[in-house]
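Residues per chain are reported as follows:
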Amino acid sequence: MKPLIRIFIMLIVCTMWQVTSAQSVSQVIAHRGAWKVEGLPQNSIASLHRAIELGCAGTEFDVHLTKDDVLVVNHDNDFYGIDIGTATYAELLAKKLPNGEAIPTAEAYLREGMKQQKTKLIYELKTSKLGKERTLHSADLSVALVKRLGAEDMVEYIAFDYDACKRIVELDPNAKVYYLNSDLPPAQLKQDGLAGPDYHFNAFKQNPTWIKEAHDLGLAVNAWTVNTEDEMRNLLNQHVEFITTDEPALLFDVIDRFNAEQHTREFNVATYNIRYDAASDTGNLWKDRSPHLAQLIKFHGFDIFGTQEGLKHQLEDLSGMLPGYAYIGVGRNDGKDGGEHSAIFFRTDRFEVVKKGDFWLAENTEIPNKGWDAVLPRICTWGLFKDKQTGFEFFLFNAHFDHRGVEARKESAKLIVKKAHELGAGIPMIIMGDFNVDQHNESYRVLNEGGEVTDAYELAAVRYAPSPTFTGFDVKRKGDSRIDHIFLSKPFDVTRYGILTDSYEGKTPSDHFPVMATVRY
């Protein structure tokens, strides 16, 4: 790949990550238009205009079918006492909305909405009380109308009648159709070609896995009708794509404040095996690759990160190239400067060290020694860190597990969790490092399935993992094996996860790619 193309792709990826991490993905859908603040009639052309003026991502409107097959916009089955399903459109014109508008036809509403391109038109197909046949006929006419107007890109459909949803998908396989009735799991919707669930917010409380299940299936999620700040925040925390509300102005304000707060409570954490300074690494000597390694760290904005294999002089070199960072950690050979370190670097303007320490991954954790069936002494460095912006405290444990000792790796995983409880039970924790086993290994499962912590890869809303984490300095190495991991306890959430495959002159700064996660708490 040519250098300029590689740089361009990196810039695109980084820009996408910045947007994802900085902003809530949830968008505002005005329920029956934006009517409440100014007292406009629901489902009126005036409330449509107001939703557009507010910048809503979409405005929902309700569509019934008259006796003479005219699609009209109104929520209830009757329009000021006139039953819509058994009346003609001409009979409905005898009544007016409070602002003087006649009951809008779906065609008039769509034509008005199509005068702009930013606010989607969320077409709710109402269930006919005259029976299934009439409901499906309404679906047929609705899809035909949208196609005749060329409004396919502007319209998304919602309905309580599941057969009507499936009929719309049958008539227009490219249409985005959401189901409203809150009684089917996401997998069923996926199987039938729907775009996702559009359920009452209480349905997601009663089925707390459905939002994640929908996202894992590639479905979008909408929740209705959400009118309080607490419920809005709950859904924002779960990254639903859309929130339908009678209070769009309030929701915009909540999203703005939520995003500002999330930015404050967000940081980049990473693990990086920097490869010890080996004279035998011809073509990949530390003196040549270390400047690129430091630039990678600065470019991607690591706020706190663990290193493995670093010798004392390497850590000092990095410290000199990373102004604004400090590090903690001792050598595994003597508890001072000797041997490889599992050091933790952190931005001093963001974090302070409340407590710190080191222990050996062995039966005797207090002195340098080899544990269980390990062939080398292994050390874990830990710190209790405080976020200066919020006062939030968390433990970070950084380790390098043995490359041969099967029992040592399993026992080391258990030991770190045990130490975390001894040091401060209930305090959030991050466990990271080079574990020398990938995601399919039993030692990995000790941590990931132990109920204490979860792999950041699994928690991430956005994943970038194009390569294995260990490369042996081979930039072209392929596979999905991840032996470098970041595990997190609650309340951490992960917005993005990446194996950062940066290179220079066809080389990598280390024989491992760094793993980075953007986390929130």
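All values derive from a computational prediction rather than experimental measurement.

Here we come to the overall build of the protein. The helix and strand inventory of the protein stands at 16 helices and 24 strands. With the C-alpha coordinates of the protein rotated into their principal frame, the extents come out at 90 × 50 × 40 Å. Going through the 521 residues of the protein one by one, you find that 54% of them count as buried. In the structure as shown, the protein presents an accessible area of about 22100 Å², 51% of it carried by carbon and sulfur atoms. The distance from the centre of the 58 positive side-chain charges to the centre of the 74 negative ones in the protein is 3 Å.

Overall, the predicted model of the protein reaches an average pLDDT of 94, with 95% of residues at or above 70. Segment residues 1–23 is flagged for pLDDT under 50; beyond a separation of four residues in sequence, or across chains, it makes 26 contacts in the model.

On to the sheet that holds strand S16 (residues 351–360). Ordered in space as S16-S17-S18-S19-S22-S20, the six strands form an open sheet in which the pairing is mixed. Edge positions in the sheet fall to S16 and strand S20 (454–455), since each of these pairs with one other strand and no more. As defined by bridge partners, S16 adjoins strand S17 (residues 379–387) across nine bridges and the pair is classed as antiparallel. Pairing of Phe-359 across the sheet is with Cys-380, part of S17. Lying on the sheet, helix H14 (residues 406–424) is in contact with S16, S17, strand S18 (393–400) and strand S19 (429–434); it crosses S18 at an angle near 150°.

Take the pattern of salt bridges next. A complete count under the given rule lists 37 salt bridges for this structure. Across the pair Asp-161 and Lys-132 runs a salt bridge, and its minimum N-O distance is 2.9 Å. Residue Asp-161 is located in the loop between strand S7 (155–159) and helix H6 (162–171), and its partner Lys-132 is located in helix H5 (residues 132–149); the two are separated by 29 residues in the primary sequence. Residue classification places Lys-132 among the partly exposed residues on the basis of a relative accessible area of 39%. Here the salt bridges do not stand alone but share partners, grouping Glu-229, Arg-233, Asp-253, Arg-257 and Glu-261 into one network.

Right, let's talk about the environment of Glu-112 for a bit. Assignment of secondary structure puts Glu-112 in helix H4 (residues 106–113). In the structure, Glu-112 is positioned 67 residues away from Ile-45 in sequence and 7.7 Å away in space, judged by C-alpha atoms. Look past the residues within four positions of Glu-112 in its chain and what remains in contact with it is Ile-45, Leu-48 and His-49.

Strand order in the open sheet made by the seven strands is S14-S15-S13-S12-S24-S23-S21, with mixed pairing throughout. This sheet does not close on itself; its edge strands, each paired only once, are strand S14 (325–328) and strand S21 (462–464). The mean angle between the axes of side-by-side strands here comes to 20°, regardless of whether they run parallel or antiparallel. Strand direction decides the pairing type here: strand S12 (residues 266–273) and strand S24 (residues 515–520), joined by six bridges, are antiparallel. Bridging from a neighbouring strand, Asn-268 pairs with Thr-518 of S24.

Our next topic: empty space enclosed by the protein. If you walk through the whole model with that rule in mind, you get three cavities of 30 Å³ or more. By volume, the largest cavity amounts to about 140 Å³. Around the largest cavity, the lining comprises 14 residues; the ones closest to its centre are His-64, Leu-65, Gly-85, Ser-128 and Lys-129. Listing elements by their share of the lining of the largest cavity, those giving two or more residues are strand S2 (58–65) and H5. When residues of the lining of the largest cavity are assigned to their parent elements, the largest contribution, three residues, is made by H5. For the lining of the largest cavity, a count of residues per class yields three nonpolar, seven polar and four charged. Roughly 60 Å³ of volume is contained in the second largest cavity. Taken together, Ile-29, Ile-122, Glu-156, Ile-158, Tyr-178, Asp-198, Asn-222 and Phe-242 make up the full set of residues lining the second largest cavity.

A word on helix H13 (residues 312–321). Turning to H13, its buried residues are Gln-314, Leu-315 and Leu-318. Around the axis of H13, the buried residues are gathered within 100° of arc, so they sit on the same side. Tucked into the core, H13 has its buried residues touching helix H12 (286–300), strand S13 (304–308), S14 and strand S15 (344–347).

The next subject is unusual backbone geometry. In this chain, Lys-490 is followed by Pro-491 through a cis amide linkage whose omega measures 10°. If you trace the backbone, Pro-491 turns up in the loop between strand S22 (484–488) and strand S23 (493–499). Here Asp-69, not a glycine, exhibits a phi torsion of approximately 65°, which is positive. In this structure, Asp-69 sits in the loop between S2 and strand S3 (71–73). By relative accessible area, which is 35% here, Asp-69 ends up partly exposed. Phi angles above zero are rare outside glycine, and Ser-182 is one such case at about 65°. Relative to the elements of secondary structure, Ser-182 occurs in the loop between strand S8 (177–179) and helix H7 (186–191).

This brings us to the nonpolar core. Formed by 59 residues in total, the largest nonpolar core has its most connected members in Leu-110, Tyr-123 and Tyr-157. The biggest single contributor to this core is H5, with six residues. When residues no more than four places from it in sequence are discounted, the contact partners of Tyr-157 are Tyr-123, Ser-142, Val-143, Val-146, Ile-168, Ala-175, Lys-176, Val-177 and Tyr-178. By size, the runner-up hydrophobic cluster in this structure holds 26 residues, among which are Phe-346, Leu-488, Phe-492 and Val-519.

Cut-off values and rules
- Residues numbered from 1 in each chain as written.
- Predicted model: local features only at pLDDT ≥ 70, side-chain atom pairs only at ≥ 80, totals over all residues.
- Heavy atoms only, no water.
- Helix = DSSP H or I, 4+ residues; strand = E, 2+ residues; numbered from the N terminus.
- Buried < 20%, exposed > 50% of the residue type's maximum accessible area, 1.4 Å probe, protein only.
- Areas by Shrake-Rupley, 256 points an atom, 1.4 Å probe, with all protein chains shown as cover.
- Lys, Arg positive; Asp, Glu negative; His and termini not counted.
- Charge placed at Lys NZ, Arg CZ, Asp CG, Glu CD.
- pLDDT = per-residue confidence, 0-100.
- Contact = heavy atoms within 4.5 Å.
- Pairing = 2+ DSSP bridges.
- Axes fitted to C-alpha atoms, helices over the stretch in contact; angles between N-to-C directions.
- Salt bridge = Lys/Arg side-chain N within 4 Å of Asp/Glu carboxyl O.
- 1 Å grid on protein atoms, 1.4 Å probe; cavity = no way out; pocket = protein on both sides within 12 Å on 5 of 7 lines; lining within 4 Å.
- Points joined across faces, edges and corners; volume = space filled by probe spheres on them.
- Nonpolar A, V, L, I, M, F, W, Y, C, P; charged D, E, K, R; others polar.
- Arc of directions from axis to C-beta.
- Core = buried A, V, L, I, M, F, W, Y, C linked by side-chain atoms within 4.5 Å.

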